[in-house]
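# Structure at a glance
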Amino acid sequence: SSNRECVHRPPRVRSSCSMMLPRVAALAFIAAAGSVEGFAPSPLATSRLARANAISRGSSSVVSGLKMTGVVPKIERAPVYGLRPNENGGIWVPQRARPRRNRKNEPIRSMTRENRVLPENFIYPLFLHTKDFNEKIDSMPGCERHSVESVMKEVGEAVAEGVGSIILFPKIPEDLKTNAADACYDPNGLIPETIKKIKAKYGQQVNVWTDVALDPYSDQGHDGMVSSDSRGDGGRGRIMNDETIEQLCRQAIAQARAGADVVAPSDMMDGRVGAIRDALDSEGFTDVSIVAYTAKYASAFYGPFRDALDSAPRESSNAPPNKKTYQMDPANSREALIEAQLDAAEGADMLMVKPGMPYLDIIKLLKDNTNLPIAAYHVSGEYAMLKAAAEKGWVNEKDVALETLLCFKRAGADAILTYYAKQAARWINEDGISRPR
């Protein structure tokens, strides 16, 4: 009826009436909202009503509803556009789809969880040397260069936590290092002898992975042999591709003969996966897997690892000062697809991305473009940063480590090579996630 009255009034009065209609609607909302918990205490609703009445009377005071109690002001809460009361007098946002319903308690969160990290997803890297005692690695807290006896103990502890894969990285005495890295295929060398002992004790409880690359055995600190000329990058020696592959094939065969389950060429030489596959198959090792370091970047995150093995390029040699002529440029992503296509065609069984956390996009890229399993390497620099922040008390180590590993899985990694493997598995088992209930 008030609308009809306004229509028949003079224009000036009609204008006043039209201004009153929104106020009437606001007053109705205020009255309904006065009992809502979010707008308690109810005197605020009364103050809103007083303010609205004052405005409708043309009052110049717009703060008459505000009152001070001690030194704490009670600030008026004006109606919020778009909200309305529900049937019970509460506030209602008219939203049918509410994703939070699937997060409201742990049973539902667990039921709808898309990814889980379990101990069987981990590969546990172990550094070892020829000494009969362990040495701490200052840049990698919690990691050591193990004696062979200590490696055996670590393998047993990892297996007990459900970690079924380990990978060995050797620190070789300086007097055994050469440019050709011939010690890499010595059947009586550190790695073959350790493989034999692990397999003799643990058998099929653990898969032994090996690194196929020359840098631990090189007096140049490179993954390949260095030429004696100056035709390489910056007028230095070249990393010789095909000559290196010949050595890598010998290395992989020696490791397979010792009992390796998986060989993992990390050298980034062109064509090495196919050559190693043919070499293994010709020796009867058709069941030995190849995990190719497919997208291994020339990253600054490898420093602590090179400290552990003393495998950085040697400044005093003719070798290039870095590994940029064979490892990938961190600026590139599509190039990883080329490497993946080649490695898959050459017979790789799994493709690895290294480093891991800064390259989650590459993990996802390869996952979306190949049917092969994907591995991620949570490298030494990433590990060291988490350890340093945890030691400072800036982060909760367990939480950030497990979240990091989960991120690899979410990005598409099926396997995660991480120095946290044993500890993370223990945390997971303590929480009851991977144990049958």
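### Topic: the overall build of the protein chain
Helix and strand content of the protein chain: 14 helices and 16 strands. Of all 437 residues assigned to the protein chain, the portion counted as buried reaches 46%. In the protein chain, of all internal contacts separated by at least 6 residues, the share reaching a separation of at least 24 is 73%. By element, 52% of the accessible surface of the protein chain is carried by carbon and sulfur atoms, the whole surface being about 22500 Å².

### A word on the packing of aromatic side chains
Counted under the stated rule, the structure contains eight aromatic pairs. In textbook terms, an aromatic cluster arises when at least three aromatic residues are bridged by ring pairs, as seen for Phe127, Phe169, Tyr293, Tyr377, Tyr383, Tyr419, Tyr420 and Trp427. Over the face of the ring belonging to Tyr185 we find Arg250, whose NZ or CZ atom lies 5.8 Å from the ring centre. The positively charged end of Lys354 is found above the aromatic ring belonging to Tyr302, 4.8 Å away from the centroid.

### Considerations on empty space enclosed by the protein
This structure, assessed with the given rule, holds two cavities of 30 Å³ or more. Where the lining of the largest cavity is concerned, the elements lending two or more residues are strand E13 (289–296) and helix H9 (303–309). Approximately 50 Å³ is the volume attributed to the second largest cavity. Contributing to the lining of the second largest cavity are Leu168, Pro170, Ile191, Thr210, Asp211, Ala213, Pro216, Tyr217, Gln251 and Gln255. A per-class count over the lining of the second largest cavity returns six nonpolar, three polar and one charged.

### Brief notes about the side chain of Gln255
In this structure, Gln255 sits in helix H7 (residues 241–258). Here Gln255 falls in the buried class, since its relative accessible area comes to 2%. Setting aside residues no more than four positions away along its own chain, Gln255 makes contact with Ile191, Ile195, Thr210, Asp211, Val212, Ala260 and Val263.

### Brief notes about the environment of Pro94
Residue position: Pro94 is located in the loop between strand E4 (91–92) and helix H4 (106–111). On the basis of relative accessible area, Pro94 is assigned to the partly exposed category, the value being 44%. Through-space distance from the C-alpha of Pro94 to that of Arg84 is 8.3 Å; in sequence the pair is 10 residues apart. The residues contacting Pro94, other than those within four sequence positions of it, are Gly82 and Arg84.

### Digging into the pairing of strand E12 (residues 262–265)
Covered by surrounding structure in E12 are Val262 and Ala264 together with Val263 and Pro265, the residues of both alternating faces. Of the pairings in the sheet, the one linking strand E9 (residues 207–212) to E12 comprises four bridges and is parallel in character. Looking at the pairing, Trp209 lines up with Val262 of E12. Taken together, the two bridges between E12 and E13 define a ladder with parallel strand orientation. Following the sheet pairing, Val263 is matched in E13 by Ile290. This β-α-β element, E12 to helix H8 (residues 272–282) to E13, shows right-handed connectivity.

### Some thoughts on the pairing of strand E15 (residues 374–378)
Across the five residues that make up E15, a large majority, five, are buried. Alignment of strand E14 (residues 350–354) against E15, held across three bridges, turns out to be parallel. Within E15, the position partnered with Val353 by the bridge is Ala376. In this fold, E14 hands off to helix H11 (residues 360–369), which returns the chain to E15; that crossover is right-handed. Taken together, the four bridges between E15 and strand E16 (residues 415–418) define a ladder with parallel strand orientation. Along E16, the bridge assignment pairs His378 with Thr418.

### With respect to the pattern of salt bridges
As enumerated under the stated definition, the model contains 27 salt bridges in all. Connected via shared salt-bridge partners are Lys153, Glu154, Glu157 and Lys422.

### Observations concerning the confidence of the model for the protein chain
With 82% of its residues at a pLDDT of at least 70, the protein chain reaches an overall mean of 85. Long-range and interchain partners of residues 54–68, a stretch whose pLDDT sits below 50, account for 13 contacts in this model, where long-range means more than four residues apart.

### A few points about helix H6 (residues 190–202)
The terminal C-alpha atoms of H6 lie 18 Å apart, and with 13 residues this matches the ideal 18 Å at 1.5 Å per residue to within 8%. Here H6 has its buried residues at Leu190, Ile191, Pro192, Thr194, Ile195, Ile198, Lys199 and Tyr202. The elements touched by buried residues of H6 are strand E5 (122–128), helix H5 (148–160), strand E8 (165–170), E9 and H7. Backbone geometry just after H6 places Gly203 at a positive phi near 50 degrees.

The rules behind each value
Residues numbered from 1 in each chain as written. Predicted model: local features only at pLDDT ≥ 70, side-chain atom pairs only at ≥ 80, totals over all residues. Heavy atoms only, no water. Helix = DSSP H or I, 4+ residues; strand = E, 2+ residues; numbered from the N terminus. Buried < 20%, exposed > 50% of the residue type's maximum accessible area, 1.4 Å probe, protein only. Contact = heavy atoms within 4.5 Å. Areas by Shrake-Rupley, 256 points an atom, 1.4 Å probe, with all protein chains shown as cover. Phe/Tyr/Trp six-rings, centres within 6.5 Å; stacked < 30°, edge-to-face > 60°. Lys NZ or Arg CZ within 6 Å of the ring centre and 35° of its normal. 1 Å grid on protein atoms, 1.4 Å probe; cavity = no way out; pocket = protein on both sides within 12 Å on 5 of 7 lines; lining within 4 Å. Points joined across faces, edges and corners; volume = space filled by probe spheres on them. Nonpolar A, V, L, I, M, F, W, Y, C, P; charged D, E, K, R; others polar. Pairing = 2+ DSSP bridges. Right-handed = clockwise from strand over helix to strand, strands pointing away. Salt bridge = Lys/Arg side-chain N within 4 Å of Asp/Glu carboxyl O. pLDDT = per-residue confidence, 0-100. Expected span 1.5 Å × (residues − 1).

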